[in-house]
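Each chain is listed here by its residues.
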Amino acid sequence: MESPLLETYETGNIVLTSGMLVACDPLITSDMKPFIMMFPKGSFQTLVHKERESNCIAYAEIVFSDKTVKTWQLATTEGQNVEDLKEGEIFGYPVQSGMGCFMDAETQESLNHLEEKLYRRKGADFMGIYDEFFHDRFFDEKGATDSFALLKPNEEKPGNIFAFETGYGEGFYGSYIGLDTVGNPVKILTEFIEISGN
């Protein structure tokens, strides 16, 4: 994704253990269903593309292969049909926390188990999964560090979460799958800021 309006950052690798991929705001939709399409299992490069003018993340991306994208399609979950959409409508996920993520469905289970475990252990002192788990990966004592992070809810399992700030913040954001000539996924990205020419 090349554009003079964007600056691209390599952000490490996401590990997918089942190939069932979830995109969501992990603070409000921890039960989000995975996409219908099955993705490869393994370790894959992640990227964020920032809008130069605002330094906000316009797109977050996972790259599965170096093949050329032939077509793009809107990523859907169970029960969603693109033919049901009116012009200008998309399927996607709501963001209220200013943060989105990609993760394997098995990693989603690990995150939910971590939240339950912390809540049981801390009781009334439990401050929520953002403060207990996500915050320190994005901020230090001096303030903001990065606008993205790779983090593991269970150190004993390989799956991790690719988390990132979502554009200008709250909104409703769709994900798009780039397919090769035989219909295999080359990449997936979530769009937070539409950049003309992309």
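The coordinates are above.
What comes next is a walk through the structure. (Residues numbered from 1 in each chain as written. Predicted model: local features only at pLDDT ≥ 70, side-chain atom pairs only at ≥ 80, totals over all residues. Heavy atoms only, no water.)

### Here's the deal with the overall build of the protein chain
Part 1 of the reasoning: Counting its regular elements, the protein chain contains two helices and 14 strands.
Part 2 of the reasoning: Relative to the globule expectation of 16 Å for 198 residues, the C-alpha radius of gyration of the protein chain, 17 Å, shows essentially globular dimensions.
Part 3 of the reasoning: Looking at the 198 residues of the protein chain, the share that counts as buried comes to 46%.
Part 4 of the reasoning: A total accessible area of about 10,700 Å² is found for the protein chain, and carbon and sulfur atoms account for 46% of it.
Part 5 of the reasoning: Put simply, the protein chain has 16 plus and 33 minus side-chain charges, and the middle of one group is 6 Å from the middle of the other. (Helix = DSSP H or I, 4+ residues; strand = E, 2+ residues; numbered from the N terminus. Rg over C-alpha atoms; globule rule 2.2 N^0.38 Å. Buried < 20%, exposed > 50% of the residue type's maximum accessible area, 1.4 Å probe, protein only. Areas by Shrake-Rupley, 256 points an atom, 1.4 Å probe, with all protein chains shown as cover. Lys, Arg positive; Asp, Glu negative; His and termini not counted. Charge placed at Lys NZ, Arg CZ, Asp CG, Glu CD.)

### Some words on the sheet that holds strand E5 (residues 71-74)
Part 1 of the reasoning: Read from one edge of the open sheet, six strands run E1-E3-E4-E14-E13-E5, paired in antiparallel fashion. Here the strands that pair on one side only, and so sit at the sheet edges, are strand E1 (6-16) and E5. Within the sheet, the average angular offset between the axes of one strand and its neighbour, ignoring direction, is 25°.
Part 2 of the reasoning: Bridge count for strand E4 (residues 56-63) against strand E14 (residues 185-191) is five bridges, and the pairing is antiparallel. Within E14, the position partnered with glutamate 61 by the bridge is leucine 189. (Pairing = 2+ DSSP bridges. Axes fitted to C-alpha atoms, helices over the stretch in contact; angles between N-to-C directions.)

### Structural notes on the sheet that holds strand E2 (residues 21-24)
Part 1 of the reasoning: The sheet built from four strands is open, its strands ordered E2-E7-E11-E10 with antiparallel pairing. Every interior strand has two partners, whereas the edge strands, E2 and strand E10 (148-151), have only one. Across this sheet, the average inter-strand angle for adjacent strands is 15°, counted without regard to direction.
Part 2 of the reasoning: Direction of pairing for E10 relative to strand E11 (residues 161-165): antiparallel, over a ladder of four bridges. Residue pairing for E11: phenylalanine 148 is matched across the bridge by phenylalanine 164.
Part 3 of the reasoning: With respect to the sheet, helix H1 (residues 105-122) is in contact with E2, strand E7 (99-104) and E11, its orientation differing from that of E7 by roughly 115°.
Part 4 of the reasoning: Packing of helix H2 (residues 129-138) onto the sheet brings it into contact with E7, E10 and E11, and relative to E10 it is tilted by some 120°. (Contact = heavy atoms within 4.5 Å.)

### Concerning the side chain of serine 110
Part 1 of the reasoning: With respect to the helices and strands, serine 110 occurs in helix H1.
Part 2 of the reasoning: In contact with serine 110, not counting residues within four places along its chain, are Pro153, Asn154 and Lys157.

### A word on the pairing of strand E13 (residues 175-179)
The side chains of a regular strand alternate, first on one face of the sheet and then on the other.
Part 1 of the reasoning: When you tally the buried positions in E13, you get four out of five residues, the bulk of the element.
Part 2 of the reasoning: Direction of pairing for E5 relative to E13: antiparallel, over a ladder of four bridges. Paired with threonine 71 across the two strands is leucine 179, which belongs to E13.
Part 3 of the reasoning: Sheet topology note: the E13/E14 ladder contains five bridges and is antiparallel. Bridging across to E14, serine 175 finds its partner in threonine 190.
Part 4 of the reasoning: If you look at the hairpin formed by E13 and E14, you'll find five residues sitting between the two strands, and glycine 183 has a positive phi there, around 90°.

### Considerations on the nonpolar core
Part 1 of the reasoning: If you look at the biggest cluster of nonpolar residues, it comprises 49 residues, and the most contacted ones within it are Ile62, Phe102, Phe134, Ile161, Phe162, Phe164 and Ile188.
Part 2 of the reasoning: Here this core takes five residues from E4, the largest share from any one element.
Part 3 of the reasoning: Sequence-distant contacts of phenylalanine 134, that is, excluding residues within four places in its chain, are made with Pro26, Leu27, Met99, Leu111, Ile129, Leu151, Ile161 and Ala163. (Core = buried A, V, L, I, M, F, W, Y, C linked by side-chain atoms within 4.5 Å.)

### Section: the pairing of E7
Part 1 of the reasoning: Among the six residues in E7, six count as buried, and that is most of the element.
Part 2 of the reasoning: Side chains Met99, Cys101 and Met103 of E7 all project onto a buried face; the interleaved residues Gly100, Phe102 and Asp104 project onto the opposite face, where all are buried too.
Part 3 of the reasoning: As paired strands, E2 and E7 are joined by four bridges and run antiparallel to one another. Each residue of the ladder has a partner; that of valine 22, found in E7, is methionine 103.

### Here's the deal with the pattern of salt bridges
Part 1 of the reasoning: Tallied over the entire structure, the rule returns four salt bridges.
Part 2 of the reasoning: In this structure, glutamate 7 engages arginine 52 in a salt bridge whose closest nitrogen and oxygen atoms are separated by 3.4 Å. Of this pair, glutamate 7 sits in strand E1 while arginine 52 sits in the loop between strand E3 (42-51) and E4, and the two are 45 residues apart along the sequence.
Part 3 of the reasoning: Note that glutamate 132 and lysine 122 form a salt bridge whose closest N and O atoms lie 2.7 Å from each other. Pair noted here: glutamate 132 is in helix H2 and lysine 122 is in helix H1, with a separation of ten residues, a long-range link.
Part 4 of the reasoning: Among the residues examined, lysine 122 registers a relative accessible area of 33% and is labelled partly exposed. (Salt bridge = Lys/Arg side-chain N within 4 Å of Asp/Glu carboxyl O.)

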